[in-house]
Amino acid sequence: MKRVRTINWGLAVMGAWVALAPILLGSNGTPAYRWNGLIVGILVMALALAAALSTDAQNSKTMNWITAALGVLLLLAPFILGYSVRAAALWSDIISGIVILGLSAWAESALPNPIEHPA
């Protein structure tokens, strides 16, 4: 469980990056990038922190799945929301989405599997 917590702390840092990237990289003329980054970043950060602080493996598993879905959303956002022409925004979201997706999958695989009892 300690490794899962460490991975989720990494996810929280990625969430902070996604939320701050529009400010740091500049989102001039692209409010979709700014709002998407802020909303998705805060959600990733909150879910990752909750998973890191959770003692219930099933709760962590659920939060990691949701975080993975947000990573996929981040990968697709530049094309869906129309800011793929801004290179910094495009690559920030693509790289962040891949890292979030990868960390979520890693955290998921590091969780203990529940023991299944025969019916």
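Everything numeric here is computed off the predicted structure, so don't read it as measured data. (Residues numbered from 1 in each chain as written. Predicted model: local features only at pLDDT ≥ 70, side-chain atom pairs only at ≥ 80, totals over all residues. Heavy atoms only, no water.)

Undergrad: How do you make sense of the side chain of asparagine 36 when you look at a structure like this?
TA: With respect to the helices and strands, asparagine 36 occurs in helix α2 (residues 31-53). Accessibility expressed as a relative area gives 9% for asparagine 36, which makes it buried. In this view, asparagine 36 contacts Gly41, Leu74, Ala77, Leu81, Tyr83 and Asp93; residues no more than four positions away in its chain are not counted. (Helix = DSSP H or I, 4+ residues; strand = E, 2+ residues; numbered from the N terminus. Buried < 20%, exposed > 50% of the residue type's maximum accessible area, 1.4 Å probe, protein only. Contact = heavy atoms within 4.5 Å.)

Undergrad: Where do I start with the pattern of salt bridges in this structure?
TA: When the charged atoms of two side chains with opposite charge come close together, those side chains can pair. Summed over all chains, the structure comprises 1 salt bridge. Glutamate 108 is the partner of lysine 61 in a salt bridge, and the nearest nitrogen-oxygen pair spans 2.8 Å. A residue pair is termed long-range when its members are at least 10 positions apart, and lysine 61 in helix α3 (residues 57-80) and glutamate 108 in helix α4 (residues 87-110) qualify at 47 residues. (Salt bridge = Lys/Arg side-chain N within 4 Å of Asp/Glu carboxyl O.)

Undergrad: Hey, could you run me through the packing of helix α1 (residues 2-25) against α2 in this one?
TA: A pair of packed helices can be characterised by two numbers: the angle between their axes and the separation between those axes. Running from N to C, α1 and α2 point in directions that differ by 165 degrees, and their axes come no closer than 8 Å. Taken together, the axis directions place α1 and α2 in an arrangement best described as roughly antiparallel. Where α1 crosses over α2, the two elements pack in a sense that is left-handed. (Axes fitted to C-alpha atoms, helices over the stretch in contact; angles between N-to-C directions. Parallel < 35°, antiparallel > 145°, perpendicular 65-115°, else oblique. Left-handed = near helix turned anticlockwise from the far one by under 90°.)

Undergrad: Honestly, the environment of glycine 71 in this entry has me stumped. Any pointers?
TA: Among the secondary structure elements, glycine 71 is positioned in helix α3. A relative accessible area of 0% places glycine 71 in the buried class. When neighbours within four sequence positions are excluded, glycine 71 is seen to be in contact with Gly97 and Ile100.

Undergrad: What is the right way to look at the packing of aromatic side chains in this model?
TA: The relation between two aromatic rings is expressed through the spacing of the ring centres and the mutual angle of the planes. By the definition in use, this model includes 1 aromatic pair. Ring centres of tyrosine 33 and tyrosine 83 lie 5.1 Å apart, and the angle between their planes is 50 degrees; this geometry places the pair in the tilted category. Pair noted here: tyrosine 33 is in helix α2 and tyrosine 83 is in the loop between α3 and α4, with a separation of 50 residues, a long-range link. Accessibility classification places tyrosine 33 together with tyrosine 83 in one group, the buried group. (Phe/Tyr/Trp six-rings, centres within 6.5 Å; stacked < 30°, edge-to-face > 60°.)

Undergrad: In this structure, what is going on with a nonpolar patch on the surface? I would like to understand it.
TA: Judged by side-chain polarity, Trp17, Leu20, Ile23, Leu24 and Leu25 come together as a nonpolar surface patch covering roughly 490 Å² of accessible area. Counting through the fold element by element, leucine 25 comes out in helix α1. (Patch = residues over 30% accessible without salt bridge, like charges linked within 9 Å, V, L, I, M, F, W, Y side chains within 5 Å. Areas by Shrake-Rupley, 256 points an atom, 1.4 Å probe, with all protein chains shown as cover.)

Undergrad: Please clarify how α1 should be interpreted in this entry.
TA: Residues lying three or four places apart along an α-helix face the same way, a consequence of the helix completing one turn every 3.6 residues. Taking 1.5 Å of rise per residue, 24 residues should cover 34 Å, and α1 covers 33 Å from first to last C-alpha, within 8% of that figure. Bending of α1 peaks at approximately 40 degrees at the position of alanine 19, with proline proline 22 no more than four residues after it. All of the buried residues along α1 are Val4, Ile7, Asn8, Leu11, Ala12, Met14, Gly15, Val18, Ala19, Ala21 and Pro22. A positive phi of about 85 degrees marks glycine 26, the residue just after α1. (Expected span 1.5 Å × (residues − 1). Bend = angle between axes of the 7 residues up to and from the residue.)

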